[in-house]
Amino acid sequence: MKQITTFILLFAVLVMNAQHMGNFNNMAEDMSISRANIVSSMGNGAAFGNPYAPQYTAPQPNQILRINLRSLYNVEATDYTAVFNIVQVGKTAEETTQLINDKIDLIKEELRGQGFEGQFALDMISFVPQYEIEVTKKLFSKTYTEVPVGFELQQNLLISYRKDSDFQNILTACGKAEVYNLVKVDYYVKNLEAIYEDLQNKLLAEVTKKKAYYEKLGFDMSNYNVMMGDKKYYYTPKDFYKSYLAAENISMEALKNQKSVTTVRKPTSYYYDPIPYNGYDVVVNASITMPVIQLGMDLSLQYTLKPVEKKPEPQPEPVTTPNPKVYVVSPSGPIDIKELPNN
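Conventions and cut-offs
Residue positions are given per chain, counted from 1 along the sequence in the order it is written. Where totals are concerned, whole chains, interfaces and linings use all residues; where local detail is concerned, this predicted model gives features only for residues with pLDDT of at least 70, and gives and counts side-chain atom pairs only at 80 or more. Computation of side-chain values covers all heavy atoms of the structure but excludes hydrogens and water. Just to be clear on terms, a salt bridge is a Lys or Arg side-chain nitrogen sitting within 4 Å of an Asp or Glu carboxyl oxygen. Think of it this way: any DSSP run of H or I at least four residues long counts as a helix, any run of E at least two long counts as a strand, and we number them from the N terminus. The buried label goes to any residue with under 20% of its type's maximum accessible area, the exposed label to any with over 50%, and the partly exposed label to all in between, with areas taken from a 1.4 Å probe on protein chains only. Under this definition, polar contacts are N or O atom pairs within 3.5 Å; protein pairs additionally need one hydrogen-donor-capable and one acceptor-capable atom, and for neighbouring residues in sequence, both atoms have to be side-chain atoms. We call two residues contacting when some pair of their heavy atoms lies within 4.5 Å. The pairing criterion is simple: DSSP has to find at least two bridges between the two strands. The convention used is that axes are lines fitted to C-alpha atoms, helices contributing only their stretch in contact, and that angles between N-to-C directions extend from 0 to 180 degrees. Stacked, tilted and edge-to-face are the three classes assigned to paired rings of Phe, Tyr and Trp, where Trp is represented by its six-membered ring and a pair needs centres within 6.5 Å; plane angles under 30 degrees give stacked, over 60 edge-to-face, the rest tilted. Two distance rules govern patches: like charges are joined within 9 Å, and nonpolar side chains (Val, Leu, Ile, Met, Phe, Trp, Tyr) within 5 Å, applied only to residues with over 30% relative accessible area and no salt bridge. Areas reported here follow the Shrake-Rupley algorithm with a probe of radius 1.4 Å; residue values treat only the protein chains shown as occluding. Grid points spaced at 1 Å over the protein atoms alone were grouped into cavities, where a 1.4 Å probe fits but cannot get out, and pockets, open sets with protein on both sides within 12 Å along at least five of seven lines, with lining residues defined by an atom within 4 Å of a point. Grid points are joined across faces, edges and corners, and a volume is the space filled by probe spheres set on the points. Expected span of a helix: the number of residues minus one, times 1.5 Å. The directions from the helix axis to the C-beta atoms form the arc being described. Only buried residues count toward a nonpolar core. Its members are Ala, Val, Leu, Ile, Met, Phe, Trp, Tyr and Cys residues joined through side-chain atoms within 4.5 Å.

A. Fine view of the pattern of salt bridges. Under the defined criterion, the tally for this structure stands at 8 salt bridges. Note that R70 is salt-bridged to D298, the shortest N-O span being 3.5 Å. Here R70, found in strand β1 (residues 65–75), pairs with D298, found in strand β10 (residues 293–305); they are 228 residues apart in sequence, far enough to count as distant. Given a relative accessible area of 11%, D298 falls into the buried group. The salt bridge partner of D198 is K202, with a shortest N-O separation of 2.8 Å. Of this pair, D198 and K202 both sit in helix α4 (residues 192–216), 4 residues apart, which is roughly one turn of the helix.

Dropping the structure here:
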């Protein structure tokens, strides 16, 4: 009895620790307990002597100066579109169309009765007959013929709304109309140009700080040529949902009564895991409490020294030789002076 009590207490401690660490297992797949709150080998372990973490590597100096900046902007969506798939079957084309229209009208009536101001749109997917095999018996043979027995109509209902709180009302209205297949929810944001312009201004401010830092280190940035590259990206919440299986639970009552434990299928859970902030120089609206749209801009600058211009060496001035003069004295006394050409 003491051994059983000790085992129960020990197991209870283990279960409490596992719940404190969370249900998501982001370590090796063969581990049975969650390690959500334990840093991985790629985290800060290197600074604390983790032998499995990559050790510090000194930067390699060179004659090229680089500025690599990353920026991220978290913004709540201004518009949403929920897409529901509706499949309806009927004996005739008219009956099938009427049944699916009744469902859509019920959804619209339910939402508009609550003051819903969104918009509705239909996306036609397919409208095809359904066939069965009809057997025709003859005297010496049987004939198998496909004959239409009904129709299948498939449409997507698109519901656009602006308030996130409207989504619960949309789900309730669709449930009353027996429409359960939610395909996806699209997120949109207005004024994208203004958001990207804000990110550009923040990146330019960071570039100014970096250049001032290099100037203080003794680099004259006017002596460098610059090359640049940039990119921007846009991610919606649906791009960052991940799945995990809930931790296994064992009945303490079954252990106490020494009964066998029947395992239960654990459903797959999903959670929103946005882009982490490590490696980013600028993060706008870092604290988020709901799925958001994440806009980003990356900027890379490379500075190389300008080639030194060599001044031309001074050329010596040419030496000019005066033309020789010849003095001719005649017997009568006058003197005639003549110059001989240089060549």
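Right, picking up where we left off after that structure.
B. Here's a closer look at the side chain of D298. Separated by 3.5 Å, the side chains of D298 and R70 make a polar contact. At a separation of 3.4 Å, a polar atom in the side chain of D298 contacts the side chain of Y233. Ignoring anything within four residues of it in the chain, the contact list for D298 reads L69, R70, S71, G229, D230, K231 and Y233.

C. Inspection of the sheet that holds strand β9 (residues 282–284) at higher detail. Taken together, 4 strands build an open sheet; the order of strands is β6-β10-β1-β9 and the sheet is mixed. The outermost strands of the open sheet, each flanked by one partner alone, are β6 (224–235) and β9. Strand-to-strand, the axes of this sheet are offset by a mean angle of 10°, without reference to chain direction. In this structure, β6 lies alongside β10, joined through 12 bridges in antiparallel fashion.

D. Highlighting the packing of aromatic side chains. According to the stated counting rule, one finds 11 aromatic pairs in the structure shown. Judged by centre distance (5.4 Å) and plane angle (70°), the rings of Y80 and Y187 are edge-to-face. Within this pair, whereas Y80 is found in strand β2 (residues 79–90), its partner Y187 is found in strand β5 (residues 181–188), the two being separated by 107 residues in sequence. Take Y80 and Y187: they sit in the same class, and that class is buried. Where Y244 meets Y271, the ring centres are 5.8 Å apart and the plane angle is 65°; that geometry is what we call edge-to-face. Pair noted here: Y244 is in strand β7 (residues 241–245) and Y271 is in strand β8 (residues 268–272), with a separation of 27 residues, a long-range link. A relative accessible area of 21% places Y271 in the partly exposed class.

E. Just a nonpolar patch on the surface, in detail. There is a patch of nonpolar side chains on the surface, built from Y213, L217 and F219 and spanning about 300 Å² of accessible area. Along the chain, the position of L217 falls in the loop between α4 and β6.

F. The arrangement of unusual backbone geometry in detail. Its identity as a non-glycine residue notwithstanding, E178 has a phi of 60°, on the positive side. Topologically, E178 is positioned in the loop between α3 (166–176) and β5. With phi around 60°, N191 is a residue other than glycine that occupies positive phi space.

G. Expanded view of the layout of surface pockets. One number sums up the size of the second largest pocket: a volume of about 340 Å³. E117, G118, S160, Y161 and R162 are, among the 16 residues lining the second largest pocket, the residues nearest its centre. Taken together, the elements giving at least two residues each to the lining of the second largest pocket come down to β2, β4 (142–161) and α3. Counting residues per element, the lining of the second largest pocket draws most heavily on β2, at 3 residues.

H. Representation of helix α2 (residues 93–112) within the structure. For α2, built from 20 residues, the straight-helix expectation of 28 Å at 1.5 Å per residue is met to within 8% by its first-to-last C-alpha distance of 29 Å. The complete set of buried residues in α2 reads T96, I100, K103, I104, I107 and L111. Down the axis of α2, the sector holding all buried residues measures 85°, keeping them to one side. Exposed positions of α2 whose direction lies more than 90 degrees from the buried face are E94, E109 and R112.

I. Layout of the nonpolar core. With 45 residues, the main nonpolar core has I107, I159, Y161, I170 and Y303 as its most contacted residues. Setting aside its immediate chain neighbours within four residues, Y303 contacts Q63, I64, L65, I67, V207, K211, M221, Y224, N225 and V226. Counting residues in hydrophobic clusters, the runner-up holds 7 residues, among them L72, Y233, F240 and I275.

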